[in-house]
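# Per-entry structural report
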Amino acid sequence: MRILRVIPEVRSSDFERSRPSPDRMVIFVSRYSDLDESSVWPDSRQVRRSLAWLWAFRGGWRVVELPEPLWLRALPLTASVGLAVRVADLVRRRRTRVVTYAMENNDPATLLRGLPRPLHGVVFGVIRRLNELIYDRIAFASVAAGDCYRASRTLPARCVTALFEDLPEACPEATDRERAHRVAFVGALEPRKGVSDLLAAWRESRLGTAGWELAIAGSGPLAGTVAAAAAVDPSVAALGPLDRADVRKLLADSAVVVLPSRRVGRWREQIGLSILEGLAHGCHIVATPDTGLADWLRRNGHTTLPDSFSTADLGRALRAAATARLSPESVWSSLPPVGGRLAGEDWMCEETLAQRGNG
């Protein structure tokens, strides 16, 4: 093994959107509840957070990929593993390349919400010093992510950076399929994902009376609300949690994918996995304005909601998408031949030559 990737909370897409190799090792601390066990690489290991640094110290890795430094909840894990790599380098008189794929796109002040303003500079200064010690390469998943790191002044001066927009390549399984008049939502059924707004906007859009269906897949605290809406409106389908194969089939058969997330506390939608999977399957996207891909989506004919959007705004956006949606072929033609996450991974690790996935 020559490449170690450290993941705080692992989900199926962490494996599906990476390139398996006998040289790669993945360790993770916890699992998302919807993790499909069949997607987990055989050589992966779940480890205790307090012992993750031992893997970095003992491994003799050529490349270590860590969580991004502005994933503040994971910072203790990131810092302990990163510093263990550097101590091991001193012992072995070598230099391990430490890299990350960064997608945090929030306002710096929001990231430290709840902490007194005078301390913001101190906290970001500590993170910058850690970054100087630890990281060699940072691949940014969006322009907004790069702007966030520069605005927070946490970007290490000696670190090499590049942009690899987190766009997928086309999914070959989705071609030549008949599209249903369906708007699909796939994700956590939580207020921050805009589920309640979506149900209200669906009623206002009146797309159900025009023969369209709203399919909602996922689990969470609003599952009962979704089920109740489906019980009184036959155009709403409450699908519950789906396995990965069923998610892909749902998206391949749908015309539109919607993700109306809203900012809550320190949280902001960074990219949106359902946006990426919808694009890969040739769907027209109706997206939160917070996604780091908002500008790319606008430029390529998709629908981005206005800032502080209302349910009426969302209803109008759904109607517009239903009546003037992009064809699957036009969606696929806008995507890169190599997805941004894979291209960034290749650049970080120099495994293979690949075209940058930056559109």
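Look up a bit, the structure's there.
Residues numbered from 1 in each chain as written. Predicted model: local features only at pLDDT ≥ 70, side-chain atom pairs only at ≥ 80, totals over all residues. Heavy atoms only, no water.

## Topic: the nonpolar core
- Core analysis: the biggest nonpolar cluster contains 65 residues, and Leu279, Val286, Leu314 and Leu318 have the highest contact counts within it.
- Counting 33 residues, the second-largest nonpolar core is a separate cluster that includes Leu70, Val98, Tyr135 and Cys159. (Core = buried A, V, L, I, M, F, W, Y, C linked by side-chain atoms within 4.5 Å. Buried < 20%, exposed > 50% of the residue type's maximum accessible area, 1.4 Å probe, protein only.)

## Quick word on the packing of helix α3 (residues 75-92) against helix α5 (residues 120-134)
- Contact geometry of α3 with α5 gives a least axis separation of 9 Å together with a crossing angle of 35°. When you trace α3 past α5, the crossing you get is left-handed. Here Leu75, Thr78, Ala79, Gly82, Leu83 and Arg86 of α3 lie close against α5, whose contacting residues are Ile127, Leu130, Leu133 and Ile134. (Axes fitted to C-alpha atoms, helices over the stretch in contact; angles between N-to-C directions. Helix = DSSP H or I, 4+ residues; strand = E, 2+ residues; numbered from the N terminus. Left-handed = near helix turned anticlockwise from the far one by under 90°. Contact = heavy atoms within 4.5 Å.)

## Observations concerning the packing of aromatic side chains
- The tally for this structure, following the rule as stated, stands at four aromatic pairs.
- Centroid distance phenylalanine 140 to tyrosine 149: 5.6 Å. Interplanar angle 50°. Geometry classified as tilted. As far as the burial class goes, phenylalanine 140 and tyrosine 149 line up, both buried. (Phe/Tyr/Trp six-rings, centres within 6.5 Å; stacked < 30°, edge-to-face > 60°.)

## Observations regarding the pairing of strand β1 (residues 3-10)
- Among the eight residues that make up β1, seven are buried, leaving the element largely enclosed by the rest of the structure.
- Examined bridge by bridge, β1 and strand β4 (residues 63-65) share three bridges and lie parallel to one another. Note on β4: the bridge partner recorded for isoleucine 3 is valine 63. (Pairing = 2+ DSSP bridges.)

## Considerations on helix α6 (residues 143-152)
- Every buried residue belonging to α6 is among Ala145, Gly146, Cys148, Tyr149 and Ser152, and all of these are buried. What you see down the axis of α6 is that its buried residues fit within an arc of 155°, all on one side.
- On the buried face of α6, the contacting elements are β5 (97-102), α4 (108-111), α5 and β6 (137-140).
- In the stretch just after α6, arginine 153 is the one whose phi turns positive, near 60°. (Arc of directions from axis to C-beta.)

## Looking at the pattern of salt bridges
- Summed over the entire model, instances satisfying the criterion amount to 29 salt bridges.
- A salt bridge links aspartate 136 to arginine 95, with the nearest nitrogen and oxygen atoms 2.8 Å apart. In this pair, aspartate 136 is assigned in the loop between α5 and β6 and arginine 95 in the loop between α3 and β5, connecting sequence segments 41 residues apart.
- Classification of aspartate 136 by relative accessible area gives buried; the value is 13%.
- Salt bridges linked by common partners bring Arg5, Asp14, Arg24, Glu65, Arg341 and Glu345 together as one network. (Salt bridge = Lys/Arg side-chain N within 4 Å of Asp/Glu carboxyl O.)

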